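If you want the building blocks of each chain, they are given just below.
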Amino acid sequence: MAENVVAALNSMGAQPQGCYGMEAGVPTLALDFLTQSLDPRITFARADGSGKATRVNSAGLIETVPVNYLTYSNDWSQAAWGVAGSATKTGTNQLNFPGTGARVQQAGPASSSAVGYTWIGQCWLSGSGTVALVVYDDGGGFSGTTGPTITLSATPVLATVTRTHTEAAATRVSFQIANIGAGAATVVCANAQLERGSIATTYIPTTSAASGAPRFDYDPVTLAPRGLLIEESRTNYCFQSGDATNVYWGSTGITSKTKNAVGVDGAANSAVTVVEDASGTAALFATVTIPASQTLTVSRYIKYVNQPILRLAIATATSTNGVQGWFNVQTGTKLTCSAIGTGSNVSSSITPAGNGFYRITITATVADADLTAGFNSYSASADGSTTRVANSSYIQDAAMVEVGAFPTSYIPTTTAAVTRAADVASMTGTNFSSWFNATEGTFVVGFDYLSQGMTSAGIISASDGASNGYLLYKVGSSVSISAYTVGSVATIGTLAANTAGKAVLAYNGAANSGTVGGVTPTAITPTVTP
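Remember, predicted model here, so these are calculated numbers, not experimental data.

A closer look at the layout of surface pockets
Consideration 1: Here the second largest pocket defines a volume of roughly 830 Å³.
Consideration 2: Taken together, 30 residues form the lining of the second largest pocket, with Ser50, Gly51, Lys52, Thr64 and Arg196 sitting closest to its centre.
Consideration 3: Those elements that provide at least two residues to the lining of the second largest pocket are strand E6 (62-64) and strand E18 (185-196).
Consideration 4: Partitioned by chemical class, the residues of the lining of the second largest pocket number 13 nonpolar, 12 polar and 5 charged.

Rendered as C-alpha cells:
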C-alpha cells in the first residue's frame, strides 16, 4: 500500500498549481497552491543556509525568501540548544531557569552575518518568571541586544528582538532566551525563529538544518499567482551576479558601466547601464570557474536602452568550446543560437521578466576538462553577426552560470559561488493515509511546465517509499508527459514548455489510465497490484 504522497517532490521545472485526490468523483484531498499557502499536512523543507533562494513576488519583482537559521526550532531537548547558568531542560519544550543568568542559546551558522544585516529573533513563550530574547554575536563582534522584558503567564505571547549588525568584526549571530528576573523561571517555548530582515515573517519549522520558506511564485508580467515553486539544487558560479561595475567583471571597448538603473528587485540604482564605445571591439565579460565536462546554462536579465540585438556567449578559456545566442531585447525575440567549437546540444530562450527586462538564456554541453570560461555579452548589428554597433547601450542585472540543461530561479552572489538547496514538499504518515484509498482513485494535477530542457521531472508521486506506487512525470528532453503505475509506464500526452497543463492519473489496481489536456486516456496496465 502506498504510504506517502509527494506534491512535485524533486520536480525540476514543473511548478504545481494544485493537486487533487479523487474517489468516486468526490475530492478526498484538495491542495490549491494558488492560494499561496501550504496545507498543514504538507511538510516543506529547503536545507538552505545561504538565504539566496528567490521568487517573483506579487509585484513582479525578484526577492529572496526568508530562512529560519535555527535548527530544531520546536525541540529544545536537542544538543543544538546549549544551556548555561544552571539551566536545565524538561522534555522538548520546557526550560528551567533557577535564577538570574540562566539561559538557553543556539549559535547560527558560521559567517552568517555582515555589516548592515538586520536580524530578528522571535519565539512563543509561556510559563512563569521574567525573561527576554537576546540576539548577539557568538564571536564577540557585537554585544547582545535584549528584547522587551516578558513577564510570563499561562497565556503564550510572541516575544521578538531586532538587532542591526554595525560592527565590522561580527560574523556569527546567535539567539538566546535568558532569565532576567531575580527569581526562578519556568519557560515553555514554541516555534523559535532567527531570520534576516527588518520585518518578522511567518514561522518556518526546522529540524536538523536551517530551512527556507516555501516559494509561492507569480508571473512577472501578468502578476497572476503561479503556485508553489519546486526546484532541484543549483549553484550560481558567476560572482558579483548583480554588480557588473565590480572588478570581477572585465570589459573592452566599454565607455561606462554605471549602477544607476532600477533592478529586477525593484531597487533603485541596483542594475548596471552598459555603454559601448565606437571601437567595434566592445565586450562585457566575466571569467567563471566551472565544473569540467558539463551541460551549462547561462543567463542575464537585460533591458533595452538603444540597441535591439545583443549576443550572449560562453566558451571555455583554452579550448573555446561553448555556445552563443542572439536576442532582440526590444521585441523579446529569440534569434540564432549556434555552437562554439565542440559545444553540443545548444539551445536558447528569452523570457519576459517584467518591468522591461527579459531573461536571455543559452545552454550547451561542453565536454572538455577546461575549468574556466568566458561569459560575454556584445551588441550585434544583425542576427548572427559578430559586428558591434557603435555607442550601443543596455541595462544588465542578475547574471547566472549554472550546471544543468535549463535555467532555474536566480541565485544572487557576491564574492563566491552560491548554492541553493533543493525544495522538498511531502505528505507522509497519517497525513496521507487518512484520505488515500489504495484500491482505486484519481490524481488530478495542475502545473506550469517551465522548461523543456530537463532530462526528467516529477510532477506528483504516491509510493511506499520504494518502487511501488504511482507517478506523473515529464520524461527526456521531449514534450512528453508519462505515467507510471507499479511497474508499467506509458506516455499519456504532450505539453509545450512554458505552458500550464493539467494531468490526470486514474487507478483501480488492474486497469489504470492517464491523460494530459483532456485527450483520450491512455491505458496503463500494472505488473503488480499495489
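What about the pattern of salt bridges?
Pairing between side chains of opposite charge can happen when their charged atoms approach one another.
Consideration 1: If you walk through the whole model with that rule in mind, you get 10 salt bridges.
Consideration 2: For Arg226, the salt bridge goes to Asp217, with nearest N and O atoms at 2.7 Å. The residues Arg226 and Asp217 share a single accessibility class, namely buried.
Consideration 3: Glu231 is paired through a salt bridge with Arg420; the nearest N and O atoms lie 3.6 Å apart. One end of the pair, Glu231, is in the loop between strand E21 (225-229) and strand E22 (234-236); the other, Arg420, is in strand E35 (residues 418-420), with 189 residues separating them in the sequence.
Consideration 4: Residue Glu231 is classed as buried on the basis of its relative accessible area of 7%.

Thoughts on the sheet that holds strand E26 (residues 283-289)
Sheet strands pair by backbone hydrogen bonding; their relative direction is either parallel or antiparallel.
Consideration 1: Read across the open sheet, the 6 strands follow the order E23-E26-E33-E28-E29-E30; overall the sheet is antiparallel. Looking at strand neighbours, the two that pair on one side only are strand E23 (249-252) and strand E30 (333-340), the edges of this open sheet. Put simply, the sheet's adjacent strands are angled 20° from each other on average, direction ignored.
Consideration 2: Pairing of strand E28 (residues 309-316) with strand E33 (residues 372-379) involves 7 bridges; the strand directions are antiparallel. Along E33, the bridge assignment pairs Thr316 with Ala373.

Section: the environment of Leu158
Consideration 1: Position of Leu158 among the secondary structure elements: in strand E16 (residues 157-164).
Consideration 2: Taking the C-alpha atoms as reference, Leu158 lies 9.1 Å from Ser126; in sequence the two are 32 residues apart.
Consideration 3: Look past the residues within four positions of Leu158 in its chain and what remains in contact with it is Gln122, Cys123 and Trp124.

Section: the packing of aromatic side chains
Between two aromatic rings, the relevant description is the distance of the centres plus the angle of the planes.
Consideration 1: Tallied over the full model, the rule gives 11 aromatic pairs.
Consideration 2: Taking the centre distance of 6.1 Å and the plane angle of 75° together, the rings of Trp81 and Phe175 count as edge-to-face. Highlighted residues: Trp81 in the loop between strand E7 (67-68) and strand E8 (82-84) and Phe175 in strand E17 (residues 173-179), separated in sequence by 94 residues.
Consideration 3: Owing to a relative accessible area of 0%, Phe175 belongs among the buried residues under this scheme.
Consideration 4: Both rings, one in Phe432 and one in Trp435, keep their centres 5.1 Å apart while their planes meet at 80°; by these two values the pair is edge-to-face.
Consideration 5: Every member of this aromatic cluster is reached through a ring pair, and the members are Phe239, Tyr248, Trp249 and Phe375.
Consideration 6: The residue whose ring lies beneath Arg234 is Phe406, and the NZ or CZ to ring-centre distance is 4.6 Å.
Consideration 7: Across from the ring centre of Tyr378, 3.9 Å away, lies the NZ or CZ of Arg311, which sits over that ring.

Observations concerning the pairing of strand E31 (residues 344-354)
Consideration 1: For E31 and strand E32 (residues 357-366), the ladder comprises 8 bridges, and the chain directions are antiparallel. Paired with Ile350 across the two strands is Ile360, which belongs to E32.
Consideration 2: Counting the residues that bridge the hairpin from E31 to E32 gives 2 residues, and of these Asn355 lies at a positive phi of roughly 55°.

A few points about the side chain of Asn179
Consideration 1: With respect to the helices and strands, the residue Asn179 is situated in strand E17.
Consideration 2: Apart from residues no more than four positions distant in its own chain, Asn179 is found in contact with Phe97, Gly99, Thr100, Gly101, Ala102, Thr130, Val131, Ala184 and Ala185.

Re the pairing of E17
Consideration 1: With 7 of 7 residues buried, E17 is to be regarded as a mostly interior element.
Consideration 2: Because side chains alternate across E17, one face comprises the buried residues Val173, Phe175, Ile177 and Asn179, and the other comprises Ser174, Gln176 and Ala178, equally buried.
Consideration 3: Here 5 bridges tie strand E11 (residues 103-107) to E17, and the two strands are oriented antiparallel to one another. The residue of E17 that forms the bridge with Val104 is Ile177.
Consideration 4: Pairing between strand E13 (residues 130-137) and E17: 7 bridges, direction antiparallel. Note that in E17 the partner of Val134 across the bridge is Gln176.

Brief notes about the confidence of the model for the chain
Consideration 1: Scored by pLDDT, the chain has a mean of 85; 83% of the residues are at 70 or more.
Consideration 2: Under a pLDDT of 50 for its full length, residues 1-14 has, in the predicted model, 67 contacts with residues more than four places off or in other chains.
Consideration 3: Below pLDDT 50 for its whole length, residues 475-479 participates in 17 contacts with residues either more than four positions away or in separate chains.

Looking at unusual backbone geometry
Consideration 1: With phi around 60°, Asn391 is a residue other than glycine that occupies positive phi space.
Consideration 2: Backbone geometry places Ala398, a non-glycine residue, at a positive phi of 50°.
Consideration 3: The residue Ala398 is located in strand E34 (residues 393-403) in this model.
Consideration 4: On the accessibility criterion, Ala398 (1% relative accessible area) is buried.

Procedures and definitions
- Residues numbered from 1 in each chain as written.
- Predicted model: local features only at pLDDT ≥ 70, side-chain atom pairs only at ≥ 80, totals over all residues.
- Heavy atoms only, no water.
- 1 Å grid on protein atoms, 1.4 Å probe; cavity = no way out; pocket = protein on both sides within 12 Å on 5 of 7 lines; lining within 4 Å.
- Points joined across faces, edges and corners; volume = space filled by probe spheres on them.
- Helix = DSSP H or I, 4+ residues; strand = E, 2+ residues; numbered from the N terminus.
- Nonpolar A, V, L, I, M, F, W, Y, C, P; charged D, E, K, R; others polar.
- Salt bridge = Lys/Arg side-chain N within 4 Å of Asp/Glu carboxyl O.
- Buried < 20%, exposed > 50% of the residue type's maximum accessible area, 1.4 Å probe, protein only.
- Pairing = 2+ DSSP bridges.
- Axes fitted to C-alpha atoms, helices over the stretch in contact; angles between N-to-C directions.
- Contact = heavy atoms within 4.5 Å.
- Phe/Tyr/Trp six-rings, centres within 6.5 Å; stacked < 30°, edge-to-face > 60°.
- Lys NZ or Arg CZ within 6 Å of the ring centre and 35° of its normal.
- pLDDT = per-residue confidence, 0-100.

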